[in-house]
Amino acid sequence: MSITREYTNGEITIIWQPELCAHAGICIFELPKVYCPQDRPWIRINNATTEQLIKQVDMCPTGALSYRRN
């Protein structure tokens with residue numbers, strides 16, 4: 001069974017599927033105040049606008065990050 005983690009800001013929910021993650025680092029490079037792998041939770045969704053989050057999630061090369069509008 002796949003493990004997923006969800007993070008929401010009320011407008012969107014980011015879904016992270018760790019099994020798909022290739023650790024390319026694009027998320028950390030694009031939004032370092034949101035993606036903090038050394039912290040728990042590692043996604044601080046409130047540190048960016050919904051538009052910034054959508055743009056970055058769309059860059060994920062493996063689909064490990066996706067989103068849905070709430």
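The present account deals with the structure reproduced in this document.

About the thresholds
Residues numbered from 1 in each chain as written. Predicted model: local features only at pLDDT ≥ 70, side-chain atom pairs only at ≥ 80, totals over all residues. Heavy atoms only, no water. Helix = DSSP H or I, 4+ residues; strand = E, 2+ residues; numbered from the N terminus. Rg over C-alpha atoms; globule rule 2.2 N^0.38 Å. Phe/Tyr/Trp six-rings, centres within 6.5 Å; stacked < 30°, edge-to-face > 60°. Buried < 20%, exposed > 50% of the residue type's maximum accessible area, 1.4 Å probe, protein only. Core = buried A, V, L, I, M, F, W, Y, C linked by side-chain atoms within 4.5 Å. Contact = heavy atoms within 4.5 Å. Disulfide = S-S within 2.5 Å.

Right, let's get into the overall build of the chain. A tally of helices and strands in the chain yields two helices and three strands. Going from the N terminus to the C terminus, the chain shows its helices and strands as β-β-α-α-β. Since a compact globule built from 70 residues should have a radius of gyration of about 11 Å, the 11 Å found for the chain is in line with a globular shape. Its C-alpha atoms give the chain principal-axis dimensions of about 30 × 25 × 25 Å.

Right, let's get into the packing of aromatic side chains. Within the structure shown, the criterion is met by two aromatic pairs. Note on tryptophan 16 and tryptophan 42: the rings are 5.0 Å apart at their centroids and 65° apart in plane angle, and the pair reads as edge-to-face. Residue tryptophan 16 is found in strand E2 (residues 12-16), and its partner tryptophan 42 is found in the loop between helix H1 (26-30) and helix H2 (50-57); the two are separated by 26 residues along the sequence. Ring geometry for tyrosine 35 versus tryptophan 42: centroids 5.5 Å apart, planes at 50°, classification tilted. For tyrosine 35, a relative accessible area of 1% gives the class buried.

In this section: the nonpolar core. Taken as a class, soluble globular proteins show a tendency for nonpolar side chains to be buried jointly. Formed by 18 residues in total, the largest nonpolar core has its most connected members in Ile14, Tyr35, Ile43, Leu53 and Leu65. Those elements giving two or more residues to this core turn out to be E2 and H2. Ignoring any residue separated from it by four or fewer positions in sequence, one finds leucine 53 in contact with Asn9, Ile12, Ile14, Leu31, Val34, Tyr35, Ile45 and Ala48.

Right, let's get into the state of the cysteines. All told, the structure shown has zero disulfides when counted by the stated rule. In this structure cysteine 21 is a free cysteine whose sulfur lies 6.4 Å from that of cysteine 27, the closest cysteine sulfur available. Taking the relative accessible area as the measure of exposure, cysteine 27 reaches 13% and is therefore buried.

Note that all results are geometric; they support no functional claim without further evidence.
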